[in-house]
Amino acid sequence: MGKIWNVIAKRLDKIGYGIIDLFVIVINRIRPNWAAKNKARIDEWKLMIYAFNRSLLGVIGLLLLIIYLFLGIFGPTLAPYKYNEYPAAVLTETYLAEPGKYGFLLGTETYGRDLLSLLLYGARFSLALTILTIMLSAPLGILLGLISGYFGGKIDELIQRITDIFYSFPSLVLAMALAAILPERLRLLMYNVPWLKKFFLWVFAGDPKDIGSLAPFLSIIIAIAAVGWPGYTRLVRGMVLSIKENAYIEAARALGVSNWKIISRHILPNIMSIIVVMITFDLSGIVILGAALSFLGLGAQDPFSDWGKLVQMGSRYFPTKWWLIIFLSLIHI
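A brief look at the structure comes next. Note that the coordinates shown come from a computational prediction; the quantities given were computed from them, not determined experimentally. (Residues numbered from 1 in each chain as written. Predicted model: local features only at pLDDT ≥ 70, side-chain atom pairs only at ≥ 80, totals over all residues. Heavy atoms only, no water.)

Considering helix α9 (residues 194-204)
Side chains of residues three or four places apart in an α-helix project in the same direction, reflecting 3.6 residues per turn.
Move 1: By the burial criterion, the buried members of α9 are Leu-196, Phe-200, Leu-201, Val-203 and Phe-204. Seen along its axis, α9 keeps its buried residues to an arc of 160°; they face one direction. The outward face of α9, more than 90 degrees from its buried face, is lined by the exposed residues Pro-194, Trp-195, Lys-198 and Trp-202.
Move 2: The inward-facing, buried residues of α9 contact α5 (115-151), α8 (183-192) and α10 (215-243). (Buried < 20%, exposed > 50% of the residue type's maximum accessible area, 1.4 Å probe, protein only. Helix = DSSP H or I, 4+ residues; strand = E, 2+ residues; numbered from the N terminus. Arc of directions from axis to C-beta. Contact = heavy atoms within 4.5 Å.)

What follows is the structure in structure tokens.
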């Protein structure tokens, strides 16, 4: 296996190096002599590609991530049927049809809808859940962590006590509470703000008549973001407390550099690598927590279906209608 993988890794090296070289050519046309000035950085990138390609698990993980992103972006386009098409209304035999029957590759669910199509639409919901949740929780947590760690004193005390309040509640319970009270308010907001309605219809590939059914799923996004930001705040605060004592920070202060410039130009760039690692760890947790809330009935409502809701519906018919659970379980694994 080692020899075979070495051969594959060398081919991957050529692909990776080619991508970097293409990127360098493009940047060099925009900014002449950029390649010459950043030769050490380019060599470092190629070394990282070389090291990464020697890890079988790392490459497999990247491949799965690419597949996940591809299905999340193009899933609704690839789906044989729309999420709100009900073949059982025309042909009643399609109700809970087995895989392969009547042309349904993975069978149908309780309303006679194509399970493969719902899985592809569910990939879009899952991707939107992770991206929108990170966009809400990470910047808020990072900003509060930077302020808390750098300025200290009463500001630090106030932010940390608020963080403690959120930590004092179990994440799932707090998320359930928020997901239960937000949908009606979000529904009214989307009806009254046309551009917001169009944006979410585009994100979730939905029909205008179904916009109200998206509100519970959007409430899940806000709920998970509300319980997710304290982790970023605590992590960033701890790193800032360490970095702000370094000599180059003291030198910047002595030169009269403003606090916000020190934070944005000297502190934040030095902790970004750790923040990126935390975000990658959070992605899988967000998907699982979102599926759990949907399983409990707090997620997308008919005719929309995300992965958690599909598992919840399929569990009522397992094991006789095994296909309703097996394919979804393989995705979550």
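Having put the structure on the table, let's press on.
Description of helix α6 (residues 153-168)
Move 1: In this model, α6 (16 residues) spans 22 Å end to end at C-alpha, consistent with the 22 Å of a helix rising 1.5 Å per residue.
Move 2: Those residues of α6 not exposed but buried are Asp-156, Ile-159, Gln-160 and Thr-163. For α6, the angular spread of the buried residues around the axis is 100°, confining them to a single face. In α6, those exposed residues whose orientation departs by more than 90 degrees from the buried face are Lys-154, Leu-158 and Ser-168.
Move 3: Looking at the buried residues of α6, the elements they touch are α5 and α10. (Expected span 1.5 Å × (residues − 1).)

Brief notes about the packing of α10 against helix α12 (residues 259-295)
Move 1: Close contact between α10 and α12 brings their axes to 10 Å; oriented N to C, the two are set at 155°. Taken together, the axes of α10 and α12 are roughly antiparallel relative to one another. Here α10 and α12 pass one another in a crossing that is right-handed.
Move 2: Of the residues that constitute the contact of α10 with α12, the class distribution is 18 nonpolar, 4 polar and 1 charged. (Axes fitted to C-alpha atoms, helices over the stretch in contact; angles between N-to-C directions. Parallel < 35°, antiparallel > 145°, perpendicular 65-115°, else oblique. Left-handed = near helix turned anticlockwise from the far one by under 90°. Nonpolar A, V, L, I, M, F, W, Y, C, P; charged D, E, K, R; others polar.)

A short note on the side chain of Asn-84
Move 1: Mapped onto the elements of the fold, Asn-84 is located in the loop between α4 (56-78) and α5.
Move 2: There is a polar contact of 2.6 Å between the side chain of Asn-84 and the side chain of Asp-207.
Move 3: Beyond its immediate chain neighbours, meaning those up to four positions away, Asn-84 contacts Asp-207, Lys-209, Asp-210 and Pro-303. (Polar contact = N/O pair within 3.5 Å; in protein donor to acceptor, adjacent residues only side chain to side chain.)

Quick notes on the pattern of salt bridges
Move 1: One pass over the full model with this rule turns up 13 salt bridges.
Move 2: A salt bridge links Asp-164 to Arg-234; the nearest nitrogen and oxygen atoms lie 2.2 Å apart. Within this pair, whereas Asp-164 is found in helix α6, its partner Arg-234 is found in helix α10, the two being separated by 70 residues in sequence.
Move 3: Each of Glu-157, Arg-161, Asp-164 and Arg-234 takes part in a single network of salt bridges with overlapping partners. (Salt bridge = Lys/Arg side-chain N within 4 Å of Asp/Glu carboxyl O.)

Let's talk about a nonpolar patch on the surface
Move 1: Together, Phe-52, Leu-62, Leu-65, Ile-66, Leu-69, Phe-70, Ile-73, Phe-74 and Leu-78 make up a nonpolar patch on the protein surface, roughly 770 Å² of accessible area in all.
Move 2: A total of 8 residues in the nonpolar patch trace back to one element, the largest contributor, which is α4.
Move 3: Take Leu-69: it is sitting in helix α4.
Move 4: The exposure class assigned to Leu-69 is partly exposed, which follows from its relative accessible area of 34%. (Patch = residues over 30% accessible without salt bridge, like charges linked within 9 Å, V, L, I, M, F, W, Y side chains within 5 Å. Areas by Shrake-Rupley, 256 points an atom, 1.4 Å probe, with all protein chains shown as cover.)

Examining the packing of aromatic side chains
Move 1: Scanning all chains against the criterion turns up 18 aromatic pairs.
Move 2: Put simply, the rings of Tyr-83, Tyr-121, Phe-125, Phe-199, Phe-200, Trp-202, Phe-204, Phe-217 and Phe-304 touch in pairs and so form one group of aromatic residues.
Move 3: Directly above the aromatic system of Tyr-50 lies the positively charged group of Arg-54, at a separation of 3.8 Å from the ring centroid. (Phe/Tyr/Trp six-rings, centres within 6.5 Å; stacked < 30°, edge-to-face > 60°. Lys NZ or Arg CZ within 6 Å of the ring centre and 35° of its normal.)

A look at the nonpolar core
Move 1: Among the nonpolar cores identified, the biggest contains 66 residues, and Leu-146, Phe-200, Phe-204, Val-236, Ile-267 and Ile-271 are the most heavily contacted of them.
Move 2: Among the elements that take part in this core, α5 stands out by supplying 15 residues, more than any other.
Move 3: Among all residues touching Ile-267, those that are not within four sequence positions of it are Leu-146, Tyr-150, Val-240, Ile-243, Lys-244, Ile-249 and Ile-262.
Move 4: One finds Val-24, Ile-27, Ala-35 and Ile-42 within the second-largest nonpolar core, a separate group that totals 6 residues. (Core = buried A, V, L, I, M, F, W, Y, C linked by side-chain atoms within 4.5 Å.)

Here's the deal with unusual backbone geometry
Move 1: With an omega dihedral of 5°, the bond running from Asp-302 to Pro-303 counts as a cis peptide bond.
Move 2: In this fold, Pro-303 is placed in the loop between α12 and α13 (307-315).
Move 3: Phi angles above zero are rare outside glycine, and Asn-33 is one such case at about 70°.
Move 4: By secondary structure assignment, the location of Asn-33 is in the loop between α1 (2-30) and α2 (34-37).

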